[in-house]
Amino acid sequence: KEVSYPQSKTLASFMNATVDHDDGNTRCVESAKRFDEIAKAADYSELGDVRKPRNACRRAAKSLVEWDRLLYCKEYDATDNNMHVVLTRMVPWESSTKNDILIGWYDP
C-alpha cells in the first residue's frame with residue numbers, strides 16, 4: 001500500500017483549503033505539499049533547543065505531525081469502540097526531541 005500524507009482524512013480536508021494571495025488570486029495548495037513543509041520543520045534534533053522560544057514553530061509542526069498520526073489511527077477503524085489510541089509525551093521534555101508517543105490498545 002502506498003502511503004500518502006497527511007494520513008488522516010481530517011487533516012487532509014483541512015489542509016486542502018484555498019489560499020488568498022497578495023495578487024488577489026485564490027489558489028488551492030495541495031495538502032501533501034503543505035504537509036511536506038510541516039514535516040520538514042518538525043524534523044529537528046537539537047536537544048538544547050527544546051524549551052527555547054525559537055523552537056516553538058518546530059514544536060508546533062511536530063505536534064501537527066503527531067496529531068495526524070493519532071487522527072489516522074482513530075479513523076482507521078472508527079466502528080470498533082474497543083480500540084483506543086492516545087497521544088502522550090515523555091517526561092521530562094528534555095529526554096528526547098522525539099518525545100511524542102502514540103499508545104494504542106484493544107479493550108475486549
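Residues numbered from 1 in each chain as written. Predicted model: local features only at pLDDT ≥ 70, side-chain atom pairs only at ≥ 80, totals over all residues. Heavy atoms only, no water.

Engineer: Looking at this structure, I do not really get unusual backbone geometry. What am I missing?
Structural biologist: Residues other than glycine predominantly adopt negative phi, and peptide bonds predominantly adopt the trans conformation. At the junction of V91 and P92, the peptide bond is cis and its omega measures out at 0° in the coordinates. With respect to the helices and strands, the residue P92 is situated in the loop between β3 (83-89) and β4 (100-106). (Helix = DSSP H or I, 4+ residues; strand = E, 2+ residues; numbered from the N terminus.)

Engineer: Which parts of the structure should I look at to understand the pattern of salt bridges?
Structural biologist: Two side chains carrying opposite charge are able to pair once their charged atoms lie near each other. Counting across every chain of the model gives six salt bridges. Put simply, K40 and D36 hold a salt bridge, and the shortest N to O gap is 3.4 Å. With a gap of four residues between them, K40 and D36 both fall in helix α2 (residues 31-42), about one helical turn apart. For D36, a relative accessible area of 39% puts it in the partly exposed group. The partner of R89 in a salt bridge is D100, and the shortest N-O contact between them spans 3.5 Å. Of this pair, R89 sits in strand β3 while D100 sits in strand β4; the two residues are 11 residues apart in sequence, bridging distant segments of the chain. On the basis of relative accessible area, D100 is assigned to the buried category, the value being 13%. (Salt bridge = Lys/Arg side-chain N within 4 Å of Asp/Glu carboxyl O. Buried < 20%, exposed > 50% of the residue type's maximum accessible area, 1.4 Å probe, protein only.)

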